[in-house]
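Take a look at the letters that make up each chain.
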Amino acid sequence: MPEGDTVWQTARRLHDALAGKVLTRSDLRVPKYATADLTGRTVLDVTPRGKHLLTRIEGGLTLHSHLRMDGSWKVYANGRRWTGGPSHQIRVILGNADSTAVGYRLPVLDLLRTADEQRAVGHLGPDLLGPDWDPEQALANLLADPARPLGEAVLDQRNLAGIGNVYKSELCFLLGATPWLPIGALPADRAAKLPSLAKKLLEANRDRPVRTTTGRRGQDLFVYGRAPRPCLRCHTSVRVADQGDGSRERPTYWCPNCQAGPAPSPTRPRTTPRRTTN
Ligand SMILES: [Zn+2]
């Protein structure tokens, strides 16, 4: 799932390819916008906002997109083969004299007035990679519901924008608390560090091709995706269980030794099926 750093990289690629250039091709394959034609307009900029992308276009228009679970934007030099997926998965094409940006499987694609952008992203909390970053506000948002499990609170984009499922698990590990610990029960000194720690993780990764929270090559993450392998710090077997409200359950990883707090019984780690010989 794309996190704030992935969206940031996508925005930069799109900005580099499109900003300051006149659109010579525009194809929005969403019924609502089937007749919209953006050709002849200059793209002004492409900006990430949390996990949302805002492509601002001359004439006061913004193309708002969100990658959700498996959407992506690819940029191709004109004449190159498109490799992002089958053509029926293409939701939008924006091209200029040099390159073409293609949006695949985008679950959210809206053309709105730039003046109305707040309608699309106004619910977001302070953006970890944005110019509006405000750690005190982010912390206040997080602590406003002290009973909420830590993992759910940091994933809620209304509290702070940019954290996805990978950073959720890693952040809880670095805070020494299970994702099920009520956020109000986090010791005050650690809670105070949470916003800056989250920002550090995203910032450190926004220019890296491979996401890492450990700084160790080949062992990029402390717990995410590691069950039932040993914790990098203490060698206890890492556990995995779902966390969520039922509608959006996400695999959540933790070390039962390094992280204090409540936890459900782990989902049985997937093991390689044993080969039977008769
Ligand atoms: Zn551990």
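Residues numbered from 1 in each chain as written. Predicted model: local features only at pLDDT ≥ 70, side-chain atom pairs only at ≥ 80, totals over all residues. Heavy atoms only, no water.

Per an unreviewed UniProt entry, the protein chain is named DNA-(apurinic or apyrimidinic site) lyase, and its organism is Streptomyces coacervatus. Database annotation for the protein chain, UniProt heading Catalytic activity (unreviewed entry): "2'-deoxyribonucleotide-(2'-deoxyribose 5'-phosphate)-2'-deoxyribonucleotide-DNA = a 3'-end 2'-deoxyribonucleotide-(2,3-dehydro-2,3-deoxyribose 5'-phosphate)-DNA + a 5'-end 5'-phospho-2'-deoxyribonucleoside-DNA + H(+)". (UniProt positions renumbered as here; feature names shortened; annotations may be inferred.)

Which residues make up the overall build of the protein chain, and what are the values?
Tallying secondary structure elements over the protein chain gives 6 helices and 10 strands in all. Relative to the globule expectation of 19 Å for 278 residues, the C-alpha radius of gyration of the protein chain, 21 Å, shows essentially globular dimensions. In terms of overall dimensions, the protein chain has a C-alpha envelope of 60 × 60 × 35 Å along the principal axes. Residue burial in the protein chain is summarised as follows: out of 278 residues, 50% are buried. A separation threshold of at least 6 residues defines the contact pool for the protein chain, and within that pool the share at least 24 residues apart is 60%. Per element, the accessible surface of the protein chain, about 13900 Å² overall, is 48% carbon and sulfur. Here the protein chain holds 40 positive side-chain charges and 27 negative ones, and the gap between their average locations is 8 Å. (Helix = DSSP H or I, 4+ residues; strand = E, 2+ residues; numbered from the N terminus. Rg over C-alpha atoms; globule rule 2.2 N^0.38 Å. Buried < 20%, exposed > 50% of the residue type's maximum accessible area, 1.4 Å probe, protein only. Contact = heavy atoms within 4.5 Å. Areas by Shrake-Rupley, 256 points an atom, 1.4 Å probe, with all protein chains shown as cover. Lys, Arg positive; Asp, Glu negative; His and termini not counted. Charge placed at Lys NZ, Arg CZ, Asp CG, Glu CD.)

Can you break down the packing of aromatic side chains residue by residue, with the values?
All chains considered together, the criterion is met by 4 aromatic pairs. Summarising the aromatic geometry, the rings of tyrosine 76 and tryptophan 82 are spaced 6.0 Å apart at their centres and angled 15° between planes, so their arrangement reads as stacked. Owing to a relative accessible area of 28%, tryptophan 82 belongs among the partly exposed residues under this scheme. Ring plane angle 20° and centroid distance 4.8 Å describe the contact between phenylalanine 173 and phenylalanine 222, whose orientation is recorded as stacked. Linking phenylalanine 173 in helix H5 (residues 165-175) with phenylalanine 222 in the loop between helix H6 (188-205) and strand S9 (239-243), this pair joins segments that are 49 residues apart in sequence. (Phe/Tyr/Trp six-rings, centres within 6.5 Å; stacked < 30°, edge-to-face > 60°.)

Tell me about the domain arrangement of the protein chain, and please be specific about residues and values.
Where the parts come together, the accessible area they lose is often given as the size of the interface. Domain annotation of the protein chain identifies domain 1 (4-121) and domain 2 (135-254). In this structure, domain 1 and domain 2 have C-alpha centres spaced 30 Å apart. With 8 residues of domain 1 in contact, the opposing surface of domain 2 contributes 12 residues. Of the roughly 820 Å² buried between domain 1 and domain 2, counting both surfaces, carbon and sulfur atoms make up 46%. Looking at the side of domain 1 facing domain 2, the largest losses of area belong to Asp5, Trp8 and Lys51, adding up to 51% of the total buried there. Counting every contact that joins domain 1 to domain 2 gives 2 salt bridges. Ionic pairing is found between aspartate 207 and arginine 12, a salt bridge with its closest N-O pair at 2.9 Å. (Domains from an automatic or database assignment. Buried area = accessible area lost by both parts, 1.4 Å probe. Salt bridge = Lys/Arg side-chain N within 4 Å of Asp/Glu carboxyl O.)

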